[in-house]
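Observations on the model geometry
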Amino acid sequence: MNIDYNKNNGLVPAIIQDATTSKVLMLGYMNEEAVKKTIDTNLVTFFSRTKQRIWTKGEESGNVLNLVGIKLDCDSDTLLIQVNPAGPTCHKGSDTCWNDDNTQSYGFLSELDTIIENRKNNATEDTSYVASLFAKGINKIAQKVGEEAVEVVIEAKDNDDKLFLDESADLLFHYMILLQAKGFKLNDIVDVLRDRK
């Protein structure tokens, strides 16, 4: 890895990203010694501009950043460092230096998971289809998943891609409702799949 340390007084910015959630945790700076120590120890080490010395993240708190991988950007002057954090990353105690929770997000599906949970807990069955399913109980929800699964299979055998995608969306939506009816969320299924790899 040919890192260009010449643009910023011997330092390069190091963006720290959780290898599992892809959340950006913090930004630090590294010199050549810090990069070498990070690689040698598998613990992310920075050059502290305040302390004017090398320091390993977590050397006092124990909240270390376990190295997973290092990527160099196209200009060879910025690092993307993927880590498995052991505890909060920010010195103020939060998961990230932007005070975000370091949780996995699946874009719109995570948003939909939250909407389903809100409808389950806050809506009435006369104003929300989701709330009405929860009111009817687990058997009705499971039945809907079965019906949607059969419809996906039927549409998979035909040539109407739009109908196939519509039924697939219905299946996924009702399955996410079933997950919550059983006390789980999408993250729980992703954890199982990740463990299987």
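All figures in this text were calculated on a predicted structure; none of them were measured in a lab.

**A short note on the pairing of strand 2 (residues 24-30)**
- Where burial is concerned, most of strand 2 is hidden: 5 out of the 7 residues are buried.
- Pairing geometry for strand 1 (residues 12-18) and strand 2, over 6 bridges, is antiparallel. The residue bridging Val12 from the neighbouring strand is Met30, located in strand 2.
- Where strand 1 folds back on strand 2, the antiparallel hairpin that results is connected by 5 residues, among which Ser22 adopts a positive phi of roughly 65 degrees.

**Observations regarding the pattern of salt bridges**
- Evaluated as defined, the whole model comprises 8 salt bridges.
- Among the ionic pairs, Asp77 bridges to Lys7, the shortest N-O distance being 3.1 Å. A residue pair is termed long-range when its members are at least 10 positions apart, and Asp77 in the loop between strand 5 (65-72) and strand 6 (79-85) and Lys7 in the segment before strand 1 qualify at 70 residues.
- Note on Lys7: relative accessible area 51%, which makes it exposed.

**Here's the deal with helix 5 (residues 161-181)**
- With 21 residues, helix 5 extends 30 Å between its outermost C-alpha atoms, agreeing within 8% with the 30 Å of an ideal straight helix rising 1.5 Å per residue.
- If you check which residues of helix 5 are buried, you get Glu167, His174, Met176, Ile177, Leu178, Leu179 and Gln180.
- Against the buried residues of helix 5 lie helix 2 (108-122), helix 3 (129-136), helix 4 (138-156) and helix 6 (186-196).
- The opening residue of helix 5 is Asp160, an N-cap whose side-chain oxygen sits 3.2 Å from the backbone nitrogen of Lys162.
- Downstream of helix 5 by a residue or two, Gly183 has a phi angle that is positive, lying close to 90 degrees.

**Some thoughts on unusual backbone geometry**
- We note that Ser22 has phi near 65 degrees; this positive angle belongs to a residue other than glycine.
- Looking at where Ser22 falls in the secondary structure, it is placed in the loop between strand 1 and strand 2.
- Unusually for a residue other than glycine, Asn42 sits at a positive phi of about 65 degrees.
- Asn42 gets classed as partly exposed once you look at its relative accessible area, which sits at 43%.

**Quick notes on a nonpolar patch on the surface**
- On the surface, Val24, Leu27 and Trp98 cluster together to form a nonpolar patch covering roughly 280 Å² of accessible area.
- By the secondary structure assignment, Leu27 is in strand 2.
- When its relative accessible area of 41% is taken as the criterion, Leu27 is described as partly exposed.

**Description of the sheet that holds strand 5**
- Read across the sheet, 4 strands follow the order 2-1-6-5 without closing on themselves; strand pairing throughout is mixed. Every interior strand has two partners, whereas the edge strands, strand 2 and strand 5, have only one. If you compare each strand with its neighbour and ignore which way they point, the axes differ by 30 degrees on average.

**So, the packing of aromatic side chains**
- Throughout the structure, instances matching the rule amount to 1 aromatic pair.
- Where Phe46 meets Trp55, the ring centres are 5.4 Å apart and the plane angle is 35 degrees; that geometry is what we call tilted. Exposure class is identical for Phe46 and Trp55. Each is buried.
- Lying over the aromatic face of Trp55, Lys51 brings its terminal NZ or CZ to 5.3 Å of the ring centre.

**What to know about the environment of Lys144**
- With respect to the helices and strands, Lys144 occurs in helix 4.
- Among residues more than four places away in sequence, those in contact with Lys144 are Tyr129, Leu133 and His174.

**Considering the packing of helix 2 against helix 3**
- Put simply, helix 2 and helix 3 touch, their axes get as near as 8 Å, and they point 60 degrees apart. The pairing of helix 2 with helix 3 is recorded here as oblique in orientation. Along this stretch, helix 2 crosses helix 3, giving a crossing that reads as right-handed. Across the interface between the two elements, Ile116, Arg119 and Lys120 of helix 2 pack against Val130, Ala131 and Phe134 of helix 3.

Reading guide: rules and limits
Residues numbered from 1 in each chain as written. Predicted model: local features only at pLDDT ≥ 70, side-chain atom pairs only at ≥ 80, totals over all residues. Heavy atoms only, no water. Buried < 20%, exposed > 50% of the residue type's maximum accessible area, 1.4 Å probe, protein only. Helix = DSSP H or I, 4+ residues; strand = E, 2+ residues; numbered from the N terminus. Pairing = 2+ DSSP bridges. Salt bridge = Lys/Arg side-chain N within 4 Å of Asp/Glu carboxyl O. Expected span 1.5 Å × (residues − 1). Contact = heavy atoms within 4.5 Å. Polar contact = N/O pair within 3.5 Å; in protein donor to acceptor, adjacent residues only side chain to side chain. Patch = residues over 30% accessible without salt bridge, like charges linked within 9 Å, V, L, I, M, F, W, Y side chains within 5 Å. Areas by Shrake-Rupley, 256 points an atom, 1.4 Å probe, with all protein chains shown as cover. Axes fitted to C-alpha atoms, helices over the stretch in contact; angles between N-to-C directions. Phe/Tyr/Trp six-rings, centres within 6.5 Å; stacked < 30°, edge-to-face > 60°. Lys NZ or Arg CZ within 6 Å of the ring centre and 35° of its normal. Parallel < 35°, antiparallel > 145°, perpendicular 65-115°, else oblique. Left-handed = near helix turned anticlockwise from the far one by under 90°.

None of this, on its own, says anything about what the molecule does.
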